[in-house]
Amino acid sequence: MSKEWEPENVFDVLGSEIARQILALASLRPLSANKLAEHCDVSEPTIYRRIHALQEYDMLDEQMEIDDDGHHYKRFRTNLKEARFRVEDGQFGIDIQLKKDYTDKFTDFWNDLEKGAEDVSNDANPDSRHRDSSSSDLSGG
């Protein structure tokens with residue numbers, strides 16, 4: 001579960017130059033932690049600490065990849081689209097916009113469910129256009 005996007009928390013995360021470099025690099029294309037460490041010229045443990053912090057605030061997504069030899073590894077991509085800070089009524093406020101928010105993910109999930117239900121319905125319907133034309137009609141009609 002992601003942490004609250006309180007200004008203090010987000011300032012702490014984005015205050016790290018390494019975290020900002022990760023977001024910038026991973027916005028170009030998904031990269032492994034190893035590649036991120038090389039580009040940022042820091043150790044992998046340092047990269048993983050920053051990756052973890054960015055993931056806690058949903059600013060970075062991970063994708064599991066499998067290479068030709070069957071080895072599994074993670075690649076990371078930026079999920080942050082925009083962060084806006086404001087000062088009002090004597091306090092700081094923050095608005096975070098992700099590239100794909102949870103509403104979009106739920107909509108995609110729901111559409112996939114509906115498509116799956118429609119496919120099942122078509123398979124169960126004898127008048128379905130997906131029916132094998134070589135099957136014979138046993139109803140005698």
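Because the structure is a prediction, the values reported are computed rather than measured.

Undergrad: Please give an account of the pattern of salt bridges that cites residues and values.
TA: One pass over the full model with this rule turns up 7 salt bridges. The residue E62 makes a salt bridge to K74 at a minimum N-O spacing of 3.5 Å. Note that E62 is positioned in strand β1 (residues 60–66) and K74 in strand β2 (residues 72–78), a separation of 12 residues in sequence. Taking relative accessible area as the criterion, K74 reaches 37% and is therefore assigned partly exposed. The residue R86 makes a salt bridge to D95 at a minimum N-O spacing of 3.0 Å. Residue R86 is classed as partly exposed on the basis of its relative accessible area, which comes to 31%. Among the residues examined, D95 registers a relative accessible area of 41% and is labelled partly exposed. Each of the salt bridges in this network shares a partner with another, and the network as a whole consists of R86, E88 and D95.

Undergrad: Which residues make up unusual backbone geometry, and what are the values?
TA: Most peptide bonds take the trans configuration, and most residues that are not glycine carry a negative phi. You will see that D41, though not glycine, has its phi angle at about 60 degrees, which is positive. Residue position: D41 is located in the loop between α3 (33–40) and α4 (44–56). Take D41: its relative accessible area is 70%, and that puts it in the exposed class. Phi at D58 is positive, roughly 60 degrees, even though this residue is not glycine.

Undergrad: Can you tell me about the pairing of strand β4 (residues 91–98), naming the residues and giving the values?
TA: As judged from the 8 bridges shared by strand β3 (residues 80–88) and β4, these two strands associate in the antiparallel manner. Looking across to β4, one finds that V87 is bridged to F92. Counting the residues that bridge the hairpin from β3 to β4 gives 2 residues, and of these D89 lies at a positive phi of roughly 50 degrees.

Undergrad: So what's going on with the nonpolar core? Which residues, and what values?
TA: Residues I22, I47, I51, L54, M59 and L60 are the most contacted members of the largest nonpolar core, which totals 25 residues. For this core, the leading source of residues is helix α2 (residues 17–28), giving 5 residues. Aside from chain neighbours lying at most four places away, what touches L60 is I22, L23, A26, I51, L54, Q55, F76, R77, T78 and N79.

How each quantity is defined
Residues numbered from 1 in each chain as written. Predicted model: local features only at pLDDT ≥ 70, side-chain atom pairs only at ≥ 80, totals over all residues. Heavy atoms only, no water. Salt bridge = Lys/Arg side-chain N within 4 Å of Asp/Glu carboxyl O. Helix = DSSP H or I, 4+ residues; strand = E, 2+ residues; numbered from the N terminus. Buried < 20%, exposed > 50% of the residue type's maximum accessible area, 1.4 Å probe, protein only. Pairing = 2+ DSSP bridges. Core = buried A, V, L, I, M, F, W, Y, C linked by side-chain atoms within 4.5 Å. Contact = heavy atoms within 4.5 Å.

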